[in-house]
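Tertiary structure, described
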Amino acid sequence: MSTPFDHFNFKKSELQVEGVKLSEVARKLGTPLYVYSKEAFLNPLRTLQAGLKEVDHLICFAVKSNSNLAVLKMLGEAGAGMDLVSEGELYRVSKAGISPRKIVFSGVGKTAPEMAKALEHGVYSFNVESVAELETLNAVALQLKRIAPVALRFNPDVDAKTHPYISTGLKKNKFGLNRKEILNVATNIRKLPGVSFNGISIHIGSQILTLSPLNDAFERAKQLMLELNSLLPSPLTFLDLGGGVGITYKAEKAPSLEKYCQTILKHFGPKAKLKDPIKLLIEPGRTISGNAGVLVTKVLYRKQRGSKDFLVVDAAMNDLMRPALYGSYHDIQPVDQKHTKGTQKKTDIVGPVCESSDCFASDRKLSARLASGDFLAIMSAGAYGFSMSSNYNTRPRPAEILVSDGKYRVIREREKYEDLIQGEKI
Ligand SMILES: *Cc1c(COP(=O)(O)O)cnc(C)c1O
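Remember, predicted model here, so these are calculated numbers, not experimental data.

Some thoughts on helix 4 (residues 87-95)
Because an α-helix completes one turn every 3.6 residues, residues spaced three or four positions apart along the sequence face the same direction. Within helix 4 the residues assigned to the buried category are E89, L90 and V93. End-on view of helix 4: buried residues confined to an arc of 105°, all on one side of the axis. Exposed residues pointing more than 90 degrees away from the buried face of helix 4 are listed as Y91 and K95. Regarding helix 4, its N-cap is S86, as a side-chain oxygen of that residue lies 3.3 Å from the backbone nitrogen of G88 further along.

Some details on the environment of S86
Mapping S86 onto the fold places it in the loop between strand 6 (81-84) and helix 4. The residues contacting S86, other than those within four sequence positions of it, are F105 and E114. A distance of 3.3 Å separates the side chain of S86 from the backbone nitrogen of G88, its partner in a polar contact.

Some words on the nonpolar core
Ranked by size, the top nonpolar core spans 97 residues in total, and within it L75, F126, F197, L228 and Y260 carry the most contacts. In terms of residue count, helix 8 (residues 212-231) provides more of this core than any other element does, seven residues in total. Counting only domains with at least three residues in this core, you end up with domain 1 (8-37 + 291-420) and domain 2 (106-284). Other than its neighbours up to four places away in sequence, F126 contacts F105, K110, M115, A118, L119, L137, A148, P149, V150 and A151. Core analysis: the second largest hydrophobic core is formed by 20 residues, L15, V335, F375 and A377 among them.

Let's talk about the packing of helix 2 (residues 38-51) against helix 9 (residues 257-268)
One can describe the packing of helix 2 onto helix 9 by two numbers: an axis separation of 9 Å at closest approach and a directional angle of 30°. The orientation of helix 2 with respect to helix 9, classified from their angle, is roughly parallel. The hand of the helix 2/helix 9 crossing is right-handed. Here helix 2 contributes P44, T47, L48 and G51 to the contact with helix 9, which in turn contributes L257, E258, Y260, C261 and L265. Residue composition of the contact of helix 2 with helix 9, by class: six nonpolar, two polar and one charged.

Quick look at the site of the ligand
The full set close to the ligand counts 13 residues, and K64, S206, E283, R286 and Y384 are the nearest of them. Note that an oxygen atom of the ligand is positioned 2.7 Å from one of the side-chain N or O atoms of K64. The contact in question runs from a nitrogen atom of the ligand to an N or O atom on the side chain of E283, over 2.4 Å. Within the complex, the protein chains bury 92% of what would otherwise be the 390 Å² of accessible surface of the ligand. Among the residues forming the shell around the ligand, the class breakdown is three nonpolar, five polar and five charged.

Let's talk about the side chain of N155
In this structure, N155 sits in the loop between strand 9 (148-153) and helix 7 (179-187). The class of N155 is buried, set by a relative accessible area of 9%. Engagement of the side chain of N155 in a polar contact is seen with the backbone nitrogen of D157, the distance being 3.1 Å. At 3.0 Å, the side chain of N155 forms a polar contact with the backbone oxygen of F175.

Scoring rules and cut-offs
Residues numbered from 1 in each chain as written. Predicted model: local features only at pLDDT ≥ 70, side-chain atom pairs only at ≥ 80, totals over all residues. Heavy atoms only, no water. Buried < 20%, exposed > 50% of the residue type's maximum accessible area, 1.4 Å probe, protein only. Helix = DSSP H or I, 4+ residues; strand = E, 2+ residues; numbered from the N terminus. Arc of directions from axis to C-beta. Polar contact = N/O pair within 3.5 Å; in protein donor to acceptor, adjacent residues only side chain to side chain. Contact = heavy atoms within 4.5 Å. Core = buried A, V, L, I, M, F, W, Y, C linked by side-chain atoms within 4.5 Å. Domains from an automatic or database assignment. Axes fitted to C-alpha atoms, helices over the stretch in contact; angles between N-to-C directions. Parallel < 35°, antiparallel > 145°, perpendicular 65-115°, else oblique. Left-handed = near helix turned anticlockwise from the far one by under 90°. Nonpolar A, V, L, I, M, F, W, Y, C, P; charged D, E, K, R; others polar. Near = heavy atom within 4 Å. Areas by Shrake-Rupley, 256 points an atom, 1.4 Å probe, with all protein chains shown as cover.

Written out as structure tokens, the structure is:
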């Protein structure tokens, strides 16, 4: 029996990933436990690489979606670059051995010391979001006697009415610069000798489920690029087209990555016959990591409540914050296939933290026989799962394991209580 999540499927009556039984690792390593699949990470990456092979491109994985060192190293070895939003992430990608020429530094509030670090590291581009930030970067670069390579983040103001999933590409959002502001920077670029204006970047939102807003944004970015090329001393060398392609959490139909690449090529591929050569960057996070991981948890107690039951599990909002933070939907699968049959009952799956929002799912039809000691898998937890986790309630964060070819490897040990009080003084 298959789930909508390619690599996590029922085989021999058990939920497995790449030949590893989730119940076995859960028993051995304890729960809650993050389990990732190497193939599930690499499949979308390879599809994007193949889809863009006609053009000079770089796929920069959005580190914030899953920043485990082993994950970054694996993706780097498969050819990915990285998209960062902090100096901490720069530290991580350096440890993972990612080439500085494959790193872009995004984010709406970079500090001067962060800029200096990234400049000395030699990153490929700073994606700059405001004129004030550009002036700061210019000053930092001049002080270090360097030239900072820059892409300005363009807010294409894609109409939200027709595209309700967009959240960062509208005039009212805090992100990016509008066309006028960018043209103004280009006209006055000589006043900023510490920066080299090389590209523009866009990122119009996350979990985008239709290609049409992206198509509109790409067209607007192309028009702006052409305008800029006529203003600047030399044409732009790259465009960063952002991340944000949605994945399947429930039954939603995510855009195919092949079609997504075709949409990019329509505007910027060989057939678009652009006068000047251009390198294309994209910054997918969730597209690569979202369905590459699950959070395995154990049922502690069943609490019966007439019309619906509660299952209290050993994972909590501190381990996977998305449902509490955005009310996001995660599919929940029993690890033992026998629980997919028999009487199903309306159930809320809740964690042990003393907050009403510590609830992974409400009103799910789950087997009435699920009881203490049974395992559940919270699906699609590879992106913004562990990377958003915390120690709230002084809970050690879960271990993370990476499965490949029937074997698994612990890529982060479960935290110990000593780790949690490190740096504290009595
Ligand atoms: C978060 C973010 C991404 C990745 O978004 P996904 O929805 O995970 O693909 C890419 N670029 C920027 C600038 C971001 O802030």
